[in-house]
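As a plain string of letters, each chain reads:
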Amino acid sequence: MAIYDIAGLKVNIVNPHGRTEKQAVPYLAADQSENQHIDITIDITDKRIKEAMAEHPELRQDDWEYMLTGSDFYTELINFNGILLHSSCIVVDDMAYAFSADSGTGKSTHTQLWLDYFGDRAYMLNDDKPAIRIIGSKVYACGTPFSGKYDYSTPKVVELAGICFLERSTENWIKQADTAKAVFNIFSQTVRKLNRDKMDNLFNVIEEIFAKVPLYELGCNISQDAMLTSYNAMKR
């Protein structure tokens, strides 16, 4: 048994190994006593791993434990007004900015420009799968151990200034996102294999996030001008 502080929740990951254990170290809770309240318990059995490996033998057992642990966490997160958003999430001056797009579009390259420009004022909260969670009256972005192959994450919970859907363009531009398109974009970048109750909860959480957080569409090239275009429009 190991207890972690992830996205403002107490998470018990039962007997973690390898990559899962290594990437979760910064999130270890100071209190490891067994009598405390646990919000989420994740127990990945050998049977589940073997079944997954039978379908995709090209992936190692360690990879499957890590991916299944992350999948279980984000599925349960929906019960706590939270969602997974496949994105690169940067923090500048204690406000978080999430850039979401399909893999290979350039979201990590874009946020690296923010890190280069702002220096000590900025850090990466999560470069692949931040948790977005409603806590009280505000929406927060949260670091998690499930942060992609390079493990760029920080164990913090930071108010979210905006969500930006990124696409490549020769010209740099930014505009408010169309709501209908934004629903599709977020739905395509979050957990979707859910039962009916969790799917209803997911849409409720997304609807509330949309009501509280500005949404943008960004066309950009890989340049400092692209970074400044997005920051100047989104900054809070």
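Check the entry above for the structure.
A brief look at the structure comes next.

Cut-off values and rules
Residues numbered from 1 in each chain as written. Predicted model: local features only at pLDDT ≥ 70, side-chain atom pairs only at ≥ 80, totals over all residues. Heavy atoms only, no water. Core = buried A, V, L, I, M, F, W, Y, C linked by side-chain atoms within 4.5 Å. Buried < 20%, exposed > 50% of the residue type's maximum accessible area, 1.4 Å probe, protein only. Contact = heavy atoms within 4.5 Å. Helix = DSSP H or I, 4+ residues; strand = E, 2+ residues; numbered from the N terminus. Polar contact = N/O pair within 3.5 Å; in protein donor to acceptor, adjacent residues only side chain to side chain. 1 Å grid on protein atoms, 1.4 Å probe; cavity = no way out; pocket = protein on both sides within 12 Å on 5 of 7 lines; lining within 4 Å. Points joined across faces, edges and corners; volume = space filled by probe spheres on them. Nonpolar A, V, L, I, M, F, W, Y, C, P; charged D, E, K, R; others polar. Axes fitted to C-alpha atoms, helices over the stretch in contact; angles between N-to-C directions. Parallel < 35°, antiparallel > 145°, perpendicular 65-115°, else oblique. Pairing = 2+ DSSP bridges.

### Considering the nonpolar core
Then step 1. Counting residues in hydrophobic clusters, the biggest one holds 53 residues, and the most contacted among them are Phe73, Leu160, Ile163 and Ile209.
Then step 2. Dropping the residues within four chain positions of it, Phe73 is found in contact with Ile6, Ala7, Val11, Ile40, Ile42, Thr144 and Phe146.
Then step 3. Counting 21 residues, the second-largest nonpolar core is a separate cluster that includes Ile90, Val92, Cys164 and Leu218.

### What to know about unusual backbone geometry
Then step 1. For Ala7, which is not a glycine, the phi torsion comes out positive at approximately 55 degrees.
Then step 2. Relative to the helices and strands, Ala7 is located in the loop between strand E1 (2-6) and strand E2 (9-13).

### Observations concerning the side chain of Glu217
Then step 1. Here Glu217 lies in strand E12 (residues 215-220).
Then step 2. Polar contacts involving the side chain of Glu217 include one to the main-chain amide nitrogen of Asp178, which spans 3.2 Å.
Then step 3. Ignoring sequence-local partners within four residues, the contact set of Glu217 consists of Cys164, Phe165, Trp173, Ile174, Lys175, Gln176, Ala177, Asp178 and Lys181.

### Side note on the layout of surface pockets
Then step 1. The space that makes up the largest pocket amounts to roughly 750 Å³.
Then step 2. Met67, Ser71, Leu84, Lys129 and Val191 are the residues nearest the centre of the largest pocket, which is lined by 24 residues in total.
Then step 3. Looking at the lining of the largest pocket, the element that brings in the most residues is helix H3 (residues 61-77), giving ten residues.
Then step 4. Here the lining of the largest pocket is composed, by residue class, of eight nonpolar, eight polar and eight charged.

### Quick notes on the packing of helix H4 (residues 107-118) against helix H7 (residues 224-234)
Then step 1. Relative to each other, H4 and H7 sit at 90 degrees, their axes nearing to 9 Å. As the angle between them shows, H4 and H7 are arranged roughly perpendicular. Between H4 and H7, the contacting residues are His110, Leu113, Trp114, Tyr117 and Phe118 on the first element and Gln224, Ala226, Met227, Leu228, Ser230 and Tyr231 on the second.
Then step 2. Taken together, the residues that form the contact of H4 with H7 break down as eight nonpolar, three polar and no charged.

### Some details on the sheet that holds E1
Then step 1. On the basis of which strands lie adjacent, the open sheet formed by three strands has the order E1-E2-E3 and mixed pairing. Single-partner strands in this sheet number two, and they are E1 and strand E3 (40-42). Within the sheet, the average angular offset between the axes of one strand and its neighbour, ignoring direction, is 25 degrees.
Then step 2. Summarising the sheet, E2 and E3 pair through three bridges and their orientation is parallel.

Read these as layout, nothing more, since geometry by itself doesn't imply function.
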